[in-house]
Amino acid sequence: VRLVESGGGLVQPGGSLRLSCAASGFTFSWYAMRWYRQAPGKERELVADITGAGGTTNYADFVKGRFTISRDNAKNTVYLQMNSLEFEDTAVYYCNVFHLGNSYWGQGTQVTVSS
């Protein structure tokens, strides 16, 4: 299993970013995918998740209405569209899959919201 995140960067408050996570090594469409984030000095927290077919999504309260998780099973990729970014969204963002009893993580992508 391999997960590779991309799309992070430096953005001003109110701006947008789109994160991508390319997955390989498993049957992507069979598994729910999750985005987590970890800010400096804080625990890793769940941001959003999406079912294998993409029909059901869930969001943490702190991103509802601002972030959208989606997936393209033909490309084995899950996305996180982040709009109306706030200073508090600064963190390393990770994608995650729970596969055959193991939890797999990518290397993360840094998102920094700063003026």
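Look up a bit, the structure's there.
Here the structure is a predicted model, which is why all the values come from computation and not from measurement. (Residues numbered from 1 in each chain as written. Predicted model: local features only at pLDDT ≥ 70, side-chain atom pairs only at ≥ 80, totals over all residues. Heavy atoms only, no water.)

(A) Fine view of the environment of Thr90. Structurally, Thr90 can be placed in the loop between β8 (77–82) and β9 (91–99). A polar side-chain atom of Thr90 sits 3.0 Å from the main-chain carbonyl oxygen of Phe87. From its side chain, Thr90 meets the backbone nitrogen of Val113 in a polar contact 2.9 Å long. (Helix = DSSP H or I, 4+ residues; strand = E, 2+ residues; numbered from the N terminus. Polar contact = N/O pair within 3.5 Å; in protein donor to acceptor, adjacent residues only side chain to side chain.)

(B) Structural view of the side chain of Arg66. Tracing the chain through its elements places Arg66 in the loop between β6 (57–59) and β7 (67–72). By relative accessible area, which is 11% here, Arg66 ends up buried. Among the polar contacts made by the side chain of Arg66, one reaches the main-chain carbonyl oxygen of Phe62 at a distance of 2.8 Å. With residues up to four places along the chain from it excluded, the contact list for Arg66 reads Gln81, Met82, Asn83, Ser84, Leu85, Glu86 and Asp89. (Buried < 20%, exposed > 50% of the residue type's maximum accessible area, 1.4 Å probe, protein only. Contact = heavy atoms within 4.5 Å.)

(C) Layout of the nonpolar core. One finds Trp35, Leu80, Met82 and Tyr93 to be the most contacted residues of the largest nonpolar core, which totals 28 residues. Looking at this core, the elements with two or more residues in it are β3 (17–24), β4 (33–38), β5 (45–50), β7, β8, β9 and β11 (109–113). Setting aside its immediate chain neighbours within four residues, Leu80 contacts Leu17, Arg18, Leu19, Trp35, Val47, Ala48, Phe67, Thr68, Ile69 and Tyr93. (Core = buried A, V, L, I, M, F, W, Y, C linked by side-chain atoms within 4.5 Å.)

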